Amino acid sequence: MSNELEALRPMFERIIREEVQKGLKTQGVRHRFIEVFVDPASGQLSCSRVGIFLVVAVLFPASLALQALGFDLGQAWTSFVALAGTLAGVYGLNSAARVWRNGGGQGYDSDAEG
């Protein structure tokens, strides 16, 4: 059994070396602030990105402030979570469709470019 593992060792070392090199290349990539709203792959405004930004930057802090002021937001929190989940789902499905369309990630990688 150890002979079989030794035969596979160079292949595993090569795979690990390539993955580490790829990770180091993408480590220093900086994204622009505009990518919060615009899809870098298409250059078009992304409704799901805008929606997620509004939920995180406006609705969530406003809801916390209202809750701190004593307003009862019991049912509003349920709607808030449903909205955030829907937006995240749309964004995730869009990303998965892009990966599938590009052949399993062989094409554009938004994390590697910015």
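Every chain begins its residue count from 1, and numbering advances along the sequence as written. Two thresholds apply to this predicted model, a pLDDT of at least 70 for residue-level local features and 80 or more for giving and counting side-chain atom pairs, whereas whole-chain, interface and lining totals are computed over all residues. The side-chain values count all of the structure's non-hydrogen atoms but skip hydrogen atoms and water molecules.

**So, the packing of helix H2 (residues 47–68) against helix H3 (residues 74–101)**
Part 1 of the argument: Viewed as axis vectors pointing N to C, H2 and H3 meet at an angle of 160°, and their least axial separation amounts to 10 Å. Judged on the interaxial angle alone, H3 and H2 are roughly antiparallel. Pair H2 / H3 crosses with left-handed handedness. Between H2, through Ser48, Arg49, Gly51, Ile52, Val55, Leu59, Phe60, Ser63, Leu64 and Gln67, and H3, the contact on the second element is made entirely by Trp77, Phe80, Leu83, Ala84, Leu87, Ala88, Val90 and Tyr91.
Part 2 of the argument: Think of it as three bins: nonpolar holds Ala, Val, Leu, Ile, Met, Phe, Trp, Tyr, Cys and Pro, charged holds Asp, Glu, Lys and Arg, and polar takes everything else, Gly as well. A class-by-class count of the residues in the contact of H2 with H3 yields 13 nonpolar, four polar and one charged. Between the N-to-C directions of two axes lies an angle of 0 to 180 degrees, each axis being a line fitted to C-alpha atoms and, for a helix, fitted only over the stretch in contact. Counting from the N terminus, the helices are the DSSP runs of H or I reaching at least four residues and the strands are the DSSP runs of E reaching at least two. Put simply, angles under 35 degrees are roughly parallel, angles over 145 are roughly antiparallel, angles from 65 to 115 are roughly perpendicular, and the rest are oblique. Handedness of each helix crossing follows the sense of rotation of the near helix against the far helix: counterclockwise by less than a right angle gives left-handed, clockwise gives right-handed. The criterion used for residue contact is that any of the two residues' heavy atoms lie within 4.5 Å.

**Things to note about H2**
In an α-helix, one full turn covers 3.6 residues, which means residues spaced three or four apart are oriented alike.
Part 1 of the argument: With 22 residues, H2 extends 30 Å from end C-alpha to end C-alpha; this agrees with the ideal 32 Å at 1.5 Å per step.
Part 2 of the argument: Working definition for bend: take the seven residues up to and ending at a residue and the seven starting at it, fit an axis to each, and measure the angle between the axes. Along H2, the sharpest kink reaches roughly 35°, centred on Val55.
Part 3 of the argument: Residue burial is assigned from relative accessible area. The probe radius is 1.4 Å, only protein chains are included, and a residue is buried under 20% of its type maximum, exposed over 50%, and partly exposed in between. Every buried residue belonging to H2 is among Ser48, Arg49, Gly51, Val55 and Ser63, and all of these are buried.
Part 4 of the argument: On its buried side, H2 packs onto H3.
Part 5 of the argument: Two residues or fewer after H2 comes Gly70, characterised by a positive phi angle close to 105°. By definition here, a helix of n residues has an expected span of 1.5 Å times n minus one.

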